[in-house]
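Analysis of the macromolecular model
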Amino acid sequence: MYNLTIAELAKGLRAGEFSSVELTQTFLKRIHQHSALNAYVTVTDELALQQAKAADAKLASGDASLLTGIPIAQKDIFCTLGVKTSCGSKMLDNFIAPYNATVVDKLNQAGAVMLGKVNMDEFAMGSSNETSFYGPTKNPWNTNTVPGGSSGGSATAVAARLAVCATGTDTGGSIRQPAALCGITGLKPTYGRVSRYGMIAYASSLDQGGPMTRNAEDAAILLQAMAGFDEKDSTSVDQPVPDYLADLNKPLTGLKIGLPKEFFTADLNSDMAATLEAAINHYRQLGAEVKEVSMPTLKMAIPAYYVIAPAECSANLSRFDGVRFGYRCDNPADLSDLYTRSRGEAFGKEVKRRILMGTYALSAGYYDAYYIKAQKVRRLISDDFKNALSEVDVIMGPVTPTPAFGIGEKLANPIEMYLSDIYTIAINLAGLPAMSIPAGFINGLPVGLQIIGNYFDEARLLNVAHQYQQVTNWHQQKPKGFE
Amino acid sequence: MSLTANDVKKIAHLARLGIDDQDVESYANDLSGMLDLMTQMSELNTDNVSPMAHPLDQIQRLRPDVVTEHNQREHFQAIAPQVEDGLYLVPKVIE
């Protein structure tokens, strides 16, 4: 039962083959059985069973959505009323959220059952889940490797069958990179498509929530429930949400795929290149036309991101001051000591590094040289995408330079860790939607294919991903020991 | 470009961020490495390019000036480190 997709489970629930309570119990048991993966920060057993009972009643009365009764994991960045919302940080280890994020409200309304809150890099800053206050989550494909980050707990939970699906957030690749490293499907929607209300902010002009699932059809179902205009988010976009399931089966004949030559250089690992080539050949067989595109400013994405994201982070994280909620140091000597020590004792090293970087980039005398320059570069990167997407329907490329790396391998070298986001970061700067889907294995570890689309073209991305999943079975592979 | 230990201490003070003395040197190294990465941007000519603050170049939405929040002081203060009579307590500021 735990290997079934949302669509399959929804049928089983309606046919009375099992109840949501039985389904929920199965997952809760698995979560506790596999706690060594460290996927969950908080397991909400009681609340889950209550929600499952309510879902069963809804299913019986016929008043149910496709998500009613489906067990889901929430990334611990989404505020959940009455439930600890840690954001992977000691700063919020004692934080019981006083309200729900809009995404949480929407999924509750759809009748989804929350199993608990899943692990993540501290304040979503990291690409390996190793910066979490709660310790690293492990990749079920090889527990000595990282699941990626920052939505590492979400990816591990879905890959190891500790949830049917999960929410994630993506600021520089935090949905796509862990989805790739754990062999699942992840979608970062267009900026503004999913409400950021109650989603703890890292870099507000880049952050976007999205679904992490076993396949594209499930991603369509979950995105359908998450997306939509929200008055409570000032950057939410007031545009109708299309039916994401409607176009899944459209044939891909004549689809124009662009391959940026800047992605496929001699630097790309040869196994990775071969895997991607095989995936692109599948698309040729499905009737797609493939052509090269050029985006010369792509290589500036990492430098621009590491100005803009830390700058926004240093402003956003100034709210954690030890006064109104969160961690407070013992016996502060005065107000300045209260701020400085509370923040110093509760933030981890990577968060501090980015606050320092952002504070420096925004400080008097450096603002124009770094922040304004980075915003100008951002415009040029975005223009590159606009030009490419005026010639092709979607852009494809790698998600990561390599499959999952070892736990501890890159921790000592932050810059090297940053470079592992080279293929994902530019998409956040442009605000475009993009997906990662399983496309093969290298040495037994999953590899992702990235599909990038135009603004609000999530339905096409899902269609392109779904058609590939009809002719391949990479997305159906299960990690050994978790089948 | 490189930052000194003193620069790091100054920035940490601006951010009201406590950092251990023994870590100052490693932050200085890491930040210098990040700055080297950023200076790559100077290769790119950005004259006459307007800075991009928002991916969709959206204008801030306005709403009618009416009260939409109701008072939830007790609810919010239930998670505060220290409160008294509805006030947040901090160390004495004025002697």
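Residues numbered from 1 in each chain as written. Chains lettered and ligands numbered in written order. Predicted model: local features only at pLDDT ≥ 70, side-chain atom pairs only at ≥ 80, totals over all residues. Heavy atoms only, no water.

Let's shift gears to the overall build of chain A. Looking only at helices and strands, one finds 15 helices and 11 strands in chain A. Since a compact globule built from 483 residues should have a radius of gyration of about 23 Å, the 21 Å found for chain A is in line with a globular shape. Considering only C-alpha atoms, chain A reaches an extent of 65 × 55 × 45 Å along its principal axes. Counted over contacts in chain A with a minimum sequence separation of 6, partners at least 24 positions apart contribute 76%. Surface summary for chain A: the accessible area is close to 15,300 Å², and the carbon and sulfur share equals 49%. (Helix = DSSP H or I, 4+ residues; strand = E, 2+ residues; numbered from the N terminus. Rg over C-alpha atoms; globule rule 2.2 N^0.38 Å. Contact = heavy atoms within 4.5 Å. Areas by Shrake-Rupley, 256 points an atom, 1.4 Å probe, with all protein chains shown as cover.)

To continue, consider empty space enclosed by the protein. Residue and element names in this part refer to chain A. This structure, assessed with the given rule, holds four cavities of 30 Å³ or more. There is about 70 Å³ of room inside the largest cavity. Forming the walls of the largest cavity are 13 residues, and the residues nearest its centre are Gly126, Ser127, Ser174, Tyr305 and Asp421. Here the residues of the lining of the largest cavity are counted per class, giving five nonpolar, six polar and two charged. (1 Å grid on protein atoms, 1.4 Å probe; cavity = no way out; pocket = protein on both sides within 12 Å on 5 of 7 lines; lining within 4 Å. Points joined across faces, edges and corners; volume = space filled by probe spheres on them. Nonpolar A, V, L, I, M, F, W, Y, C, P; charged D, E, K, R; others polar.)

Moving on, we come to the side chain of Asp207 of chain A. Residues and elements named next belong to chain A. By the element assignment, Asp207 lies in the loop between β5 (185-188) and β6 (208-213). Buried within the structure, Asp207 lacks any salt-bridge partner; its nearest side chain of opposite charge belongs to Arg196, at an N-O separation of 4.8 Å. A distance of 2.5 Å separates a polar atom in the side chain of Asp207 from a polar atom in the side chain of Thr171. (Buried < 20%, exposed > 50% of the residue type's maximum accessible area, 1.4 Å probe, protein only. Lys, Arg positive; Asp, Glu negative; His and termini not counted. Salt bridge = Lys/Arg side-chain N within 4 Å of Asp/Glu carboxyl O. Polar contact = N/O pair within 3.5 Å; in protein donor to acceptor, adjacent residues only side chain to side chain.)

Looking now at the confidence of the model for chain B. Per-residue pLDDT for chain B averages 92, and the proportion of residues at 70 or more is 100%. Per-element confidence in chain B ranges from a low mean pLDDT of 94 for helix α2 (residues 24-39) of chain B to a high of 97 for helix α1 (residues 5-14) of chain B. (pLDDT = per-residue confidence, 0-100.)

Chain A puts 68 residues into the contact, and the matching count from chain B is 51 residues. Each partner contributes to the roughly 5,300 Å² buried at the junction of chain A and chain B, and carbon and sulfur atoms together form 70% of this total. Across the salt bridge formed by Asp30 of chain B and Arg353 of chain A, the nearest N and O atoms sit 2.8 Å from each other. Linking chain A with chain B are 18 residue pairs in polar contact (both at pLDDT 80 or more). (Buried area = accessible area lost by both parts, 1.4 Å probe.)

Attention shifts here to the packing of helix α11 (residues 349-362) of chain A against α1 of chain B. Across the interface, α11 of chain A lies against α1 of chain B with an axial gap of 9 Å and an inter-helix angle of 90 degrees. Classed by the angle they form, the pair α11 of chain A and α1 of chain B counts as roughly perpendicular. Contact residues: Leu356, Thr359 and Tyr360 of chain A in α11 of chain A; Val8, Ile11, Ala12 and Leu14 of chain B in α1 of chain B. Class assignment of the residues belonging to the contact of α11 of chain A with α1 of chain B gives a composition of six nonpolar, one polar and no charged. (Axes fitted to C-alpha atoms, helices over the stretch in contact; angles between N-to-C directions. Parallel < 35°, antiparallel > 145°, perpendicular 65-115°, else oblique.)

This part is about the pairing of strand β11 (residues 445-452) of chain A. Residues and elements named next belong to chain A. The buried count for β11 comes to eight of eight residues, which makes it a mostly enclosed element. Every second residue of β11 is oriented toward a common face, with Leu445, Val447, Leu449 and Ile451 on one face and Pro446, Gly448, Gln450 and Ile452 on the other, all of them buried. Strand direction decides the pairing type here: strand β9 (residues 394-398) and β11, joined by four bridges, are antiparallel. Bridge pairing links Pro398 to Leu449 in β11. With eight bridges joining them, strand β10 (residues 434-442) and β11 adopt antiparallel strand pairing. Each residue of the ladder has a partner; that of Phe441, found in β11, is Pro446. (Pairing = 2+ DSSP bridges.)

Mapped onto the fold, Leu245 of chain A is located in the loop between α7 (216-226) and β7 (256-260). In this view, Leu245 of chain A contacts Leu66, Glu217, Ala220, Ile221 and Gln224 of chain A; residues no more than four positions away in its chain are not counted.

The residue Ser50 of chain B is located in the loop between α2 and α3 (73-77) in this model. Residue Ser50 of chain B is classed as partly exposed on the basis of its relative accessible area of 40%. Along the chain, Ser50 of chain B and Val93 of chain B lie 43 residues apart, while their C-alpha atoms are 44 Å from each other. Residues in contact with Ser50 of chain B, not counting those within four places in the same chain, are Gln375, Lys376 and Arg379 of chain A.

Attention shifts here to the pairing of β5 of chain A. All names here are of chain A. Covered by surrounding structure in β5 are Thr185 and Leu187 together with Gly186 and Lys188, the residues of both alternating faces. Relative to β6, β5 runs antiparallel, the two sharing two bridges. Residue pairing across strands places Thr185 opposite Thr213, the latter belonging to β6. Here β5 pairs with β10 via three bridges, running antiparallel. The partner of Leu187 across the bridge, within β10, is Met435.

Let us now look at the sheet that holds β9 of chain A. Residues and elements named next belong to chain A. Spatially, 11 strands are ordered β1-β3-β2-β4-β6-β5-β10-β11-β9-β7-β8 in an open sheet, and the strand pairing comes out mixed. Since the sheet does not close on itself, it has two edges, and those belong to β1 (40-43) and β8 (289-293), each with one partner. When the angles between neighbouring strand axes are averaged without regard to direction, this sheet yields 30 degrees. Where helix α3 (residues 45-61) meets the sheet, it contacts β1 and β3 (113-118), and its direction lies at approximately 155 degrees from that of β3. Its contacts with the sheet put helix α15 (residues 458-471) on β5, β9, β10 and β11, and the angle it makes with β10 is roughly 20 degrees.

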